[in-house]
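So the chains spell out like this:
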Amino acid sequence: MKQTKDENRIGLLNKDAFRLLAVFLGYFMLMLVLISTWDLVNVARTDKNAFEIRQIPVENIENGQTLYQLFKNGDYQCDVDINEYSLLDTDGNTDYKYCALIHSVRRLVNVLIIAGMMLLVVQIATSTARENTPFIKKNAERMKCIAVLALSLGILPGLIVFAMKTVRFEYIHGSFDVFDMYNQLLFVVIMFIAAIFEYGVKLQQDNDLIA
């Protein structure tokens, strides 16, 4: 059966949308990786004495509420959890630079994992535009890879942070993060979607044989 002009036009619009999505995600992924990498390098190259924590009163609130903020060379960097920046080594000293380095490493690991997931999404979008269907074997495999990356997002960054704290400090504080559980649930959801993709691939193959 031949496609009508309207059907061809719709297919072309779908392909253009998938290509646009692929370009946008690819650019966004690259920028995230570059910014996070530069932040890590910048922290690593800065002298440890340049870092300080300041307790800043919250503006327009008169109940004494304060925020703990990280400054580098007198410039504001970010609000921080004081518990994460009060770890002491065997001599009873803290190290704000190392704490900032831990934060930067964790963020870079998170970004790299998310970038890997986005890259797979770009590949799925690109192959869908090329094949005119998302239900191909490679896309099912890519969905499984996304699920594994989602699981690692809830495990790997925390393990790296724990290892870095163990190396530098004597006392290590850890707590359960509910978002890690969400990532594990996300793994189950994406694996279920991957199973649906595999079923779709089988139906697509059967349909091609009939056609």
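As a starting point, this report considers the structure included with it. (Residues numbered from 1 in each chain as written. Predicted model: local features only at pLDDT ≥ 70, side-chain atom pairs only at ≥ 80, totals over all residues. Heavy atoms only, no water.)

### Looking at the nonpolar core
Basically, it comes down to this: Throughout this description, the term nonpolar core refers to a set of buried Ala, Val, Leu, Ile, Met, Phe, Trp, Tyr and Cys residues connected via side-chain atoms within 4.5 Å. Summary of the burial criterion: residues with accessible area below 20% of their type's maximum are buried, those above 50% are exposed, and those between are partly exposed, where the area comes from a 1.4 Å probe applied to protein chains only. Secondary structure elements follow DSSP: runs of H or I of four or more residues count as helices, runs of E of two or more count as strands, with numbering from the N terminus.
With 32 residues, the main nonpolar core has Leu 70, Tyr 85, Ala 100, Met 143, Ile 146 and Ile 190 as its most contacted residues. Elements that contribute at least two residues to this core include exactly helix 1 (5-45), strand 1 (51-57), helix 2 (96-131), helix 3 (137-153), helix 4 (156-168) and helix 5 (178-210). Residue contributions to this core peak at 12 residues, all from helix 2. Of all hydrophobic cores here, the second largest spans 8 residues; its members include Leu 25, Met 29, Val 111 and Met 118.

### Here we look at the packing of helix 2 against helix 3
Each pair of packed helices can be described by the angle between their axes along with the distance between the axes. Convention followed: Under this scheme, a helix contributes an axis fitted over its contacting stretch, all axes are lines through C-alpha atoms, and angles between N-to-C directions fall in the 0 to 180 degree range. Roughly parallel here means an angle under 35 degrees, roughly antiparallel means over 145, roughly perpendicular means 65 to 115, and every remaining angle is called oblique. Take the far helix as the reference: if the near one is turned anticlockwise from it by less than a right angle, the crossing is left-handed, and if turned clockwise, right-handed. Only heavy atoms enter the contact rule, under which two residues are in contact if any of them lie within 4.5 Å.
One can describe the packing of helix 2 onto helix 3 by two numbers: an axis separation of 10 Å at closest approach and a directional angle of 165 degrees. Viewed along their axes, helix 2 and helix 3 adopt a mutual orientation that is roughly antiparallel. Of the two possible hands of crossing, helix 2 and helix 3 adopt the one that is left-handed. Contacts between helix 2 and helix 3 involve Asn 110, Ile 113, Ile 114, Gly 116, Met 117, Leu 120, Val 121, Gln 123, Ile 124, Ser 127 and Thr 128 from the first element and Asn 139, Arg 142, Met 143, Cys 145, Ile 146, Leu 149, Ala 150, Ser 152 and Leu 153 from the second.

### As for the sheet that holds strand 2 (residues 66-72)
Our working definition: Here, a strand pair is defined by DSSP locating no fewer than two bridges between the strands.
Ordered by their spatial adjacency, 3 strands build an open sheet running 1-2-3, and the pairing between neighbours is antiparallel. Of all strands in the sheet, those bounded by a partner on one side alone are strand 1 and strand 3 (75-79). For this sheet, the mean angle separating the axes of adjacent strands, direction not counted, is 40 degrees. As paired elements, strand 1 and strand 2 share 7 bridges and run antiparallel to each other. What sits directly across from Gln 55, in strand 2, is Tyr 68. Those strands touched by helix 2 are strand 1 and strand 2, and its axis lies near 85 degrees from that of strand 1.

### Overview of the pairing of strand 3
Judged from the 4 bridges that link them, strand 2 and strand 3 form a sheet pairing that is antiparallel. The residue of strand 3 that forms the bridge with Leu 70 is Cys 78. As consecutive antiparallel partners, strand 2 and strand 3 are separated by 2 residues, and within that stretch Asn 73 has a phi angle of approximately 55 degrees, a positive value.

### Considering the environment of Phe 197
Of note, Phe 197 is situated in helix 5. With relative accessibility at 14%, the residue Phe 197 sits in the buried group. Along the chain, Phe 197 and Lys 144 lie 53 residues apart, while their C-alpha atoms are 9.9 Å from each other. With near-sequence residues (within four places) excluded, Phe 197 lies in contact with Pro 134, Phe 135, Asn 139, Ala 140 and Met 143.

### Topic: the pattern of salt bridges
For clarity, the cut-off: Salt-bridge detection follows one rule: a side-chain nitrogen of Lys or Arg within 4 Å of a carboxyl oxygen of Asp or Glu.
On inspection of all chains with the given rule, the structure shows 7 salt bridges. Between Arg 54 and Glu 52 there is a salt bridge, and its shortest N-O distance comes to 2.9 Å. You can call Glu 52 partly exposed: its relative accessible area is 31%. Note that Asp 89 and Arg 168 form a salt bridge whose closest N and O atoms lie 3.2 Å from each other. Of this pair, Asp 89 sits in the loop between strand 3 and helix 2 while Arg 168 is found in helix 4, placing the two residues 79 residues apart along the sequence. Here Arg 168 falls in the partly exposed class, since its relative accessible area comes to 24%. One continuous salt-bridge network, built from bridges that share partners, spans Lys 48, Asp 89, Asp 95 and Arg 168.

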